[in-house]
Amino acid sequence: MLHKTIGIDLGTSNIRIFVYKKGIVIDEPTVAAMDGATMTLLAAGEGAVGMLGRTPESVTVFRPIRDGVVAEFAVAVAMLKYFF
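Let us look at the structure shown here. This one's a predicted model, so the numbers in the text were calculated from it and none came from an experiment.

Reading guide: rules and limits
- Residues numbered from 1 in each chain as written.
- Predicted model: local features only at pLDDT ≥ 70, side-chain atom pairs only at ≥ 80, totals over all residues.
- Heavy atoms only, no water.
- Pairing = 2+ DSSP bridges.
- Helix = DSSP H or I, 4+ residues; strand = E, 2+ residues; numbered from the N terminus.
- Axes fitted to C-alpha atoms, helices over the stretch in contact; angles between N-to-C directions.
- Contact = heavy atoms within 4.5 Å.
- Buried < 20%, exposed > 50% of the residue type's maximum accessible area, 1.4 Å probe, protein only.
- Core = buried A, V, L, I, M, F, W, Y, C linked by side-chain atoms within 4.5 Å.

Side note on the sheet that holds strand β5 (residues 41-44)
Step number 1: An order of β5-β4-β6 is seen for the three strands of this open sheet, with the pairing classed as antiparallel. Whereas interior strands pair on both sides, the edge strands pair on one side only; in this sheet they are β5 and β6 (59-62). On average, adjacent strands in this sheet sit at an angle of 20 degrees to one another, irrespective of strand direction.
Step number 2: Looking at chain direction, strand β4 (residues 32-35) and β6 are connected through four bridges and run antiparallel. Each bridged residue has a counterpart across the sheet, and for A33 the counterpart in β6 is V61.
Step number 3: Its contacts with the sheet put helix α2 (residues 73-83) on β4, β5 and β6, and the angle it makes with β5 is roughly 70 degrees.

See the structure below:
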């Protein structure tokens, strides 16, 4: 049976993904940019940070984890899917 052991740290400022025998493979800011009309993910991590304060009204930049709690569940799920 083939499987990978991974660890995910959904931190307030950074998301880190650890893969056994490889180490940390993702260390990105916990930020996601979503299209407001369709709620599709446009960018996550560093790409979304670059969009902060520079997006049209149709795009919203989220920090889905606030004070250690998942505040925007759908955005957090979309961001995790993006990184995987």
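Quick word on the environment of Y82
Step number 1: Locating Y82 in the fold gives a position in helix α2.
Step number 2: Note on Y82: relative accessible area 47%, which makes it partly exposed.
Step number 3: C-alpha of Y82 to C-alpha of G45: the two residues are 37 residues apart in sequence and 9.7 Å apart in space.
Step number 4: When near neighbours in sequence (up to four residues on either side) are disregarded, Y82 contacts L41 and A44.

Remarks on the nonpolar core
Step number 1: Core analysis: the biggest nonpolar cluster contains eleven residues, these being I15, I17, I26, A32, M34, A44, F62, V75, A78, M79 and F83.
Step number 2: When residues in this core are grouped by element, the largest group, four residues, is from α2.
Step number 3: I26 has contacts with I15, R16, I17 and F83, leaving out every residue within four places of it along the chain.
Step number 4: Core analysis: the second largest hydrophobic core is formed by five residues, A33, A43, A48 and V59 among them.

Honestly, that's just the spatial picture; any functional story needs more than this.
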